[in-house]
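Each chain, letter by letter, is given below.
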4 protein chains.
Amino acid sequence: MLISEDGKRFYTRLRPGHRQHTHQGIIEHDDLIGQPLGREIISTTGHRYLVVEPSVAELMKGVKRNTQIIYPKEAGRIIFKLNIFSGRRVIEAGCGSGALTLALARFVAPAGRVYSYEARPEMLANARANLEKAGLADVVTFTQGNIADGFAENGVDSLFLDVKEPWRYLPQAKSALKPSGFFGAILPTTNQVSELLNALKVENFGGIEVEELLLRRYKPAPGRLRPQDMMVGHTGYLIFARNVPLDLTPSARQRKINWKNRAADAE
Amino acid sequence: MLISEDGKRFYTRLRPGHRQHTHQGIIEHDDLIGQPLGREIISTTGHRYLVVEPSVAELMKGVKRNTQIIYPKEAGRIIFKLNIFSGRRVIEAGCGSGALTLALARFVAPAGRVYSYEARPEMLANARANLEKAGLADVVTFTQGNIADGFAENGVDSLFLDVKEPWRYLPQAKSALKPSGFFGAILPTTNQVSELLNALKVENFGGIEVEELLLRRYKPAPGRLRPQDMMVGHTGYLIFARNVPLDLTPSARQRKINWKNRAADAE
Amino acid sequence: MLISEDGKRFYTRLRPGHRQHTHQGIIEHDDLIGQPLGREIISTTGHRYLVVEPSVAELMKGVKRNTQIIYPKEAGRIIFKLNIFSGRRVIEAGCGSGALTLALARFVAPAGRVYSYEARPEMLANARANLEKAGLADVVTFTQGNIADGFAENGVDSLFLDVKEPWRYLPQAKSALKPSGFFGAILPTTNQVSELLNALKVENFGGIEVEELLLRRYKPAPGRLRPQDMMVGHTGYLIFARNVPLDLTPSARQRKINWKNRAADAE
Amino acid sequence: MLISEDGKRFYTRLRPGHRQHTHQGIIEHDDLIGQPLGREIISTTGHRYLVVEPSVAELMKGVKRNTQIIYPKEAGRIIFKLNIFSGRRVIEAGCGSGALTLALARFVAPAGRVYSYEARPEMLANARANLEKAGLADVVTFTQGNIADGFAENGVDSLFLDVKEPWRYLPQAKSALKPSGFFGAILPTTNQVSELLNALKVENFGGIEVEELLLRRYKPAPGRLRPQDMMVGHTGYLIFARNVPLDLTPSARQRKINWKNRAADAE
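Since we're looking at a predicted model, the values are computed, not measured.

What counts, and where the lines are drawn
- Residues numbered from 1 in each chain as written.
- Chains lettered and ligands numbered in written order.
- Predicted model: local features only at pLDDT ≥ 70, side-chain atom pairs only at ≥ 80, totals over all residues.
- Helix = DSSP H or I, 4+ residues; strand = E, 2+ residues; numbered from the N terminus.
- Buried ≥ 20, exposed ≤ 12 C-beta atoms within 10 Å, placed from the backbone.
- Contact = placed C-beta atoms within 7 Å.
- Least-squares fit on C-alpha atoms with pLDDT ≥ 70 in both.
- Axes fitted to C-alpha atoms, helices over the stretch in contact; angles between N-to-C directions.
- Parallel < 35°, antiparallel > 145°, perpendicular 65-115°, else oblique.
- Left-handed = near helix turned anticlockwise from the far one by under 90°.
- Nonpolar A, V, L, I, M, F, W, Y, C, P; charged D, E, K, R; others polar.
- Pairing = 2+ DSSP bridges.
- Domains from an automatic or database assignment.
- pLDDT = per-residue confidence, 0-100.

Points about the overall build of chain A
Then comes step 1: Along chain A, the regular secondary structure elements total eight helices and 15 strands.
Then comes step 2: Here the C-alpha coordinates of chain A stretch approximately 75 × 45 × 30 Å along the principal axes.
Then comes step 3: Buried residues in chain A amount to 49% of all 267 residues.
Then comes step 4: Partitioning the intrachain contacts of chain A with sequence separation of at least 6 by distance along the chain shows that 61% fall at a separation of at least 24.

Focus: the relation of the copies chain C and chain B
Then comes step 1: Least-squares fitting of chain C to chain B yields an RMSD of 0.1 Å, with the superposition described by an axial translation of 0.1 Å and a rotation of 180°. Put plainly, the chains are arranged around a two-fold axis. In terms of C-alpha distance to the rotation axis, chain C has C:Met231 as its closest residue, with the C-alpha 2.8 Å off the axis.

Details of the packing of helix α2 (residues 72–81) of chain A against helix α2 (residues 72–81) of chain B
Then comes step 1: For the pair α2(A) and α2(B), interaxial distance at closest approach is 8 Å and the crossing angle is 110°. Considered as vectors, α2(A) and α2(B) are oriented roughly perpendicular to each other. Like other packed secondary-structure pairs, α2(A) and α2(B) cross with a definite hand, here right-handed. On α2(B), the residues touching A:Pro72, A:Ala75, A:Gly76, A:Arg77, A:Ile79 and A:Phe80 of α2(A) are B:Pro72, B:Ala75, B:Gly76, B:Arg77, B:Ile79 and B:Phe80.
Then comes step 2: Of the residues contributing to the contact of α2(A) with α2(B), the split by class is eight nonpolar, two polar and two charged.

Describing the interface of chain C and chain B
Then comes step 1: The partner chain B presents 17 residues to the 17 residues of chain C that form the contact.
Then comes step 2: Where the side of chain C that touches chain B is concerned, the elements lending two or more residues are α6 (190–202), β13 (226–227) and β14 (230–232) of chain C.
Then comes step 3: Ranked by the residues each element gives to the side of chain C that touches chain B, the list is headed by β14(C), at three residues.
Then comes step 4: Along the lines of polarity and charge, the residues of the side of chain C that touches chain B split into six nonpolar, seven polar and four charged.
Then comes step 5: As judged from the three bridges shared by strand β14 (residues 230–232) of chain B and β14(C), these two strands associate in the antiparallel manner. By the bridge assignment, B:Val232 is partnered in β14(C) with C:Met230.

Quick word on the sheet that holds strand β6 (residues 48–51) of chain B
Strand pairing in a sheet relies on backbone hydrogen bonds, with the paired strands running either antiparallel or parallel.
All names here are of chain B.
Then comes step 1: In space, the four strands of this open sheet follow the order β2-β1-β6-β5, with antiparallel pairing throughout. Each edge of the open sheet carries a strand with a single partner, namely β2 (9–10) and β5 (39–42).
Then comes step 2: Sheet topology note: the strand β1 (residues 2–4)/β2 ladder contains two bridges and is antiparallel. Each residue of the ladder has a partner; that of Ile3, found in β2, is Arg9.

What to know about the environment of A:Trp167
All names here are of chain A.
Then comes step 1: Examined against the element boundaries, Trp167 turns out to sit in the loop between β10 (156–161) and α5 (170–176).
Then comes step 2: Taking the C-beta count within 10 Å as the criterion, Trp167 has 20 such neighbours and is therefore assigned buried.
Then comes step 3: Residues in contact with Trp167, not counting those within four places in the same chain, are Glu195, Leu196 and Ala199.

A closer look at the pairing of strand β5 (residues 39–42) of chain A
Residue and element names in this part refer to chain A.
Then comes step 1: Pairing of β5 with strand β6 (residues 48–51) involves four bridges; the strand directions are antiparallel. Counted as the bridge partner of Arg39 is Val51 from β6.
Then comes step 2: A loop of five residues connects β5 with β6, the two strands running antiparallel in sequence, and Gly46 in this loop sits at a positive phi of about 85°.

Side note on the domain arrangement of chain A
Size of an interface, as often reported, equals the accessible area lost when the parts are brought together.
Then comes step 1: We note that the domain assignment places domain 1 (2–53) and domain 2 (57–265) within chain A.
Then comes step 2: The C-alpha centroid of domain 2 of chain A is placed 34 Å from the C-alpha centroid of domain 1 of chain A.

Some details on the sheet that holds strand β1 (residues 2–4) of chain C
Then comes step 1: Strand order in the open sheet formed by four strands is β2-β1-β6-β5 (chain C), with antiparallel pairing between adjacent strands. Of all the strands in the sheet, the pair left with one neighbour each is β2 (9–10) and β5 (39–42) of chain C.

Quick look at unusual backbone geometry
Then comes step 1: Put simply, B:Ala93 and B:Gly94 share a cis peptide bond, and its omega is -15°.
Then comes step 2: Despite not being glycine, A:Ser180 shows a phi value in the positive range, around 75°.
Then comes step 3: Even without a glycine there, the phi angle at C:Asn204 is positive, about 65°.
Then comes step 4: Topologically, C:Asn204 is positioned in the loop between α6 and β12 (206–219).

Section: helix α2 (residues 72–81) of chain C
Residues and elements named next belong to chain C.
Then comes step 1: Summarising burial for α2: ten of the ten residues are buried, a large majority.
Then comes step 2: Those residues of α2 that fall on the buried side of the exposure criterion are Pro72, Lys73, Glu74, Ala75, Gly76, Arg77, Ile78, Ile79, Phe80 and Lys81.
Then comes step 3: Within two residues after α2, Asn83 carries a phi angle of roughly 60°, on the positive side.

A few points about the environment of B:Pro16
Residues and elements named next belong to chain B.
Then comes step 1: Mapped onto the elements of the fold, Pro16 is located in the loop between β2 and β3 (19–22).
Then comes step 2: The spatial distance from the C-alpha of Pro16 to the C-alpha of Phe240 is 44 Å, given a sequence separation of 224 residues.
Then comes step 3: The contacts of Pro16, once residues within four sequence positions are left out, are His29, Asp30 and Ile33.

Quick word on the packing of α2(A) against helix α3 (residues 99–108) of chain A
When two helices pack together, their arrangement is captured by the angle between the axes and the distance separating the axes.
Residues and elements named next belong to chain A.
Then comes step 1: Packing of α2 against α3 leaves a shortest axis separation of 10 Å and a crossing angle of 40°. In terms of their interaxial angle, α2 and α3 are classed as oblique. Seen from above, α2 lies across α3 with right-handed handedness. Of α3, the residues touching α2 (which contributes Ala75, Ile78 and Ile79) are Leu100, Ala103 and Phe107.
Then comes step 2: Here the residues of the contact of α2 with α3 are counted per class, giving six nonpolar, no polar and no charged.

Comments concerning the confidence of the model for chain A
Then comes step 1: When the pLDDT values of chain A are averaged, the result is 88; 91% of them are 70 or greater.
Then comes step 2: Below a pLDDT of 50 lies the segment residues 254–267 of chain A, which in the model reaches 32 contacts outside its immediate sequence neighbourhood of four places, other chains included.

Structural notes on the environment of B:Leu59
All names here are of chain B.
Then comes step 1: With respect to the element layout, Leu59 can be found in helix α1 (residues 56–61).
Then comes step 2: Along the chain, Leu59 and Val163 lie 104 residues apart, while their C-alpha atoms are 23 Å from each other.
Then comes step 3: When sequence neighbours within four positions are dropped, the list of residues in contact with Leu59 reads Tyr11, Pro54, Leu102 and Ala134.

The following block contains the structure:
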């Protein structure tokens, strides 16, 4: 990643013979390859750039977008709540521009796997290109198709739905998830959240939670510390739940004890 | 993890012959070992428990505490911003009760390493016990000592300070971090944030950011969706920066171009 | 208002011969009457109290409650958005414990009037007592009854509904409000907000707005400035709109131009 | 106030023979004078406008600005916390563009008075013009001058400072305020808040509070209810306190009991 003196950021994969065009001249990849990070480099027009390793968050912001992406503040939370780490197997649908795919891939690598579904072929192609650029495509299986037909995998640790009507696909999600597996979804409107909550209860999901994250940035001036004037007011509501198989919870089936409400109340 | 019908949660490591005492009877570990997750189990007094795999967030909440811990909402953000994933090497000081240590260990495993420093021996012992209980102690090197004397490691990818006066240890942090490495800290008061920002600029850190995260939970009732009455109003301010070596940025040294301000302004 | 050394607050109306019992002794009203504010007074047990004039916000917090009250942070906003000031006429239903009634009365006095409706007689009696204690009952007309039967007043400047199903009473509200008059409501759940928004559009209300206010308090320590640990996460959603008579907006009636959407979009 | 079909708002005082120019034609004031509010009017180019009475909040947004103004969300809170209502006397410095002046004037009218100080003559002239346009100039006394020289009034109920270094003027504020009177200030940075808190304690102010208000607007779509994408992240910190005369609080003077800390802790 290159940061210009005026704060613009450029994300690129270094390849011998290639060059990075910026608004302030050109930088040869060959001048970067093999050189230490954390240093300055001078462009062909004499402008200075700082060369740093990008974080996952910065890689996510750098994906080529043809949809609204999931932002790093939500992605960090999703990784945590869905218990994604090295070696885990996780399903994601739909992958959109691949920003969350990138984060999931980063955290399951090297031994785990991301199964990423997307209905629209051009989206899938763009997401795949974004993952390749980030060097993480080898831990992702991309599938183009309609998730109403079910997922090809089963026993996965976690499953995340970023689709308009996630409540339509809960039986498919339960089939793919291992018992006690982690379910998550993101939705922009309160009406959708209500609809999904209804369906999660019908499908006997447990430990249901709804939340939203507000990130407040500050101007980092030591003598004039203050929040930034504008902030993102809304990206989406996050919904989390656990896969509780009906045949393992006789009380839910027979005696109507409602595990999920109790679990959720305990938060 | 066991969840009782009335929502209480119990975290335990299963060992043959052991038993879990709860407020509602006893559960034999032997009845859990080898059994599927996502199912009910009945205690000696006839009470039902749901058996699920705990997430990292749940493990963090379950640590035995003798200090204020870093909460999962901040930990998820720290993992993301410090670029912690499988194989990375990260220093943390001080480890306190080990809640963040646990999260760092979970994400660097199996190939990475957490170097955790703590001045108070009894804290260190408790943190180590918490990590052992979570099965993650083998990727952590605990060191008891004063970080004013410097860190034993160098070239680490990331470094996080959860100490009262982090501004005192920035030269030591720079020595331990690789060029372009990720620095982070958490502080409760605005006065401390100002002090740290000052020191970060003096020490030529780059890409300085200050932020806080607000997590808003909702009651998951589909027909009466609403935020919870009370929320956590403050845990701490998060500060992030990048290690920019002075000898690699001649303009910062000679011509007083201030990389870090520009980078921060770009947010 | 009396503030004890340990921060407890006591609200009282001074009457000759009366006395205020506290957790730290007794204070004679006669010792307060005619004395300057902003001073200390000593109770019978030797404890010190600070004597100050209560603000409207403090009076609201001091009402005897038999219901959830509207909090000062929302009340200040409601006063502003409903354009309540000296001389205005405003309808409120239901009055509950009278906390908002008190604020409305304070701001319309001396020449204006609050018409306060409440279905439950014991609520009304308590609200009336709270207003009398605050010395503001003379600008309030209390009516016990069902607002489904309509309001006795018409041409009022503003109207506020704090009832469970405000969407049932919009025709009555329109009849009571002057053209362009200010409508407001408070509701705890998103489902109720959706229902009210639907009804407001059907009834041709204009300039519809939905909002919520978050108040974040800080510990006032100059050297350790920080937000308080816990904050109120939710009291209610505020909905505001303007009374646009159908017979004055031929385009809404004939040509289906939707004034209220456009007005709301302009926010 | 006129609202166009595309949501633009125009604020004007009606005067016979005058006309309002808009981006969509001209509207004759004579066509508005004496006509009912809440109705449509057609401009010379055939465009429709909705005619409504502006609220105080809308008048504030409509002031001609040559400075950052205090926003309605803070103004509503200030009115409440400073106990501003009909008949009260309040000092404000500096008045800036007069947005808060307008709100104070609206709430003290008709019997009360606002004493508004401003150092810069061109600011004062603009603020006065804004108050005249709103029809509220007759309850405001404007004074051009340096408040370091003190205020001409004394025994006022409330006093609000919107200046860069309010801590310089606390003795002057105490002289002008009645005992137990209400003090308020707004400041953008945490460093300024710390400085003011220090000075308030030195000057024996009581009941000190620091807070900030976050206003979250929603898109008023019943079937797609959600917060707006962007929100205002910061306008300023509000600081409130009470004037506690030293000669009325012997314990503060002699025995070092610190009333204000205790009062503040009680929040």
